Amino acid sequence: MRTASSNKLLIGLALVVCIALIAHLVLGYAELPTIHMSGHGWFALGLGIVFSVVLGAVLSAVLIIGRRRGFDESAHEAVIDHDPEV
């Protein structure tokens with residue numbers, strides 16, 4: 001069980017991490033104009049972003065559909081049938 005002081009400590013730690021992240025982004029943005037990327041680089045970056053988002057959406061959909069159709073339960077029952085000690 002967490003006490004109020006540990007909650008305050010966690011909130012403070014999260015605040016320090018957020019401030020450090022913002023400082024890192026601001027300092028990194030200052031160096032951004034010195035970085036040059038060709039059109040091929042921007043195209044590859046765009047493809048990577050689109051592919052990552054689509055892959056995340058597909059995997060989330062598979063997870064939700066599998067959960068609704070009960071695939072998780074049938075796999076769990078198969079393990080229990082095979083090894084009763086589990």
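Not measured: the values here are computed from a predicted model. (Residues numbered from 1 in each chain as written. Predicted model: local features only at pLDDT ≥ 70, side-chain atom pairs only at ≥ 80, totals over all residues. Heavy atoms only, no water.)

(A) Broad picture of the overall build of the chain. Helices and strands together make up the secondary structure of the chain, namely 3 helices and 0 strands. In the chain, the succession of helices and strands from N to C terminus is α-α-α. Here the chain, with 86 residues, has 2% of them falling under the buried criterion. (Helix = DSSP H or I, 4+ residues; strand = E, 2+ residues; numbered from the N terminus. Buried < 20%, exposed > 50% of the residue type's maximum accessible area, 1.4 Å probe, protein only.)

(B) Summary view of a nonpolar patch on the surface. Taken together, the side chains of Met37, Trp42, Leu45, Ile49 and Val53 present a nonpolar region at the surface, about 510 Å² in accessible area. Within the secondary structure layout, isoleucine 49 lies in helix H2 (residues 39–69). (Patch = residues over 30% accessible without salt bridge, like charges linked within 9 Å, V, L, I, M, F, W, Y side chains within 5 Å. Areas by Shrake-Rupley, 256 points an atom, 1.4 Å probe, with all protein chains shown as cover. Salt bridge = Lys/Arg side-chain N within 4 Å of Asp/Glu carboxyl O.)

(C) Quick peek at the confidence of the model for the chain. The pLDDT averaged across the chain works out to 85; a share of 84% of its residues lies at or above 70. Considering each helix and strand of the chain separately, the mean pLDDT is smallest for helix H3 (residues 71–82), with a value of 70, and largest for H2, with 94. (pLDDT = per-residue confidence, 0-100.)

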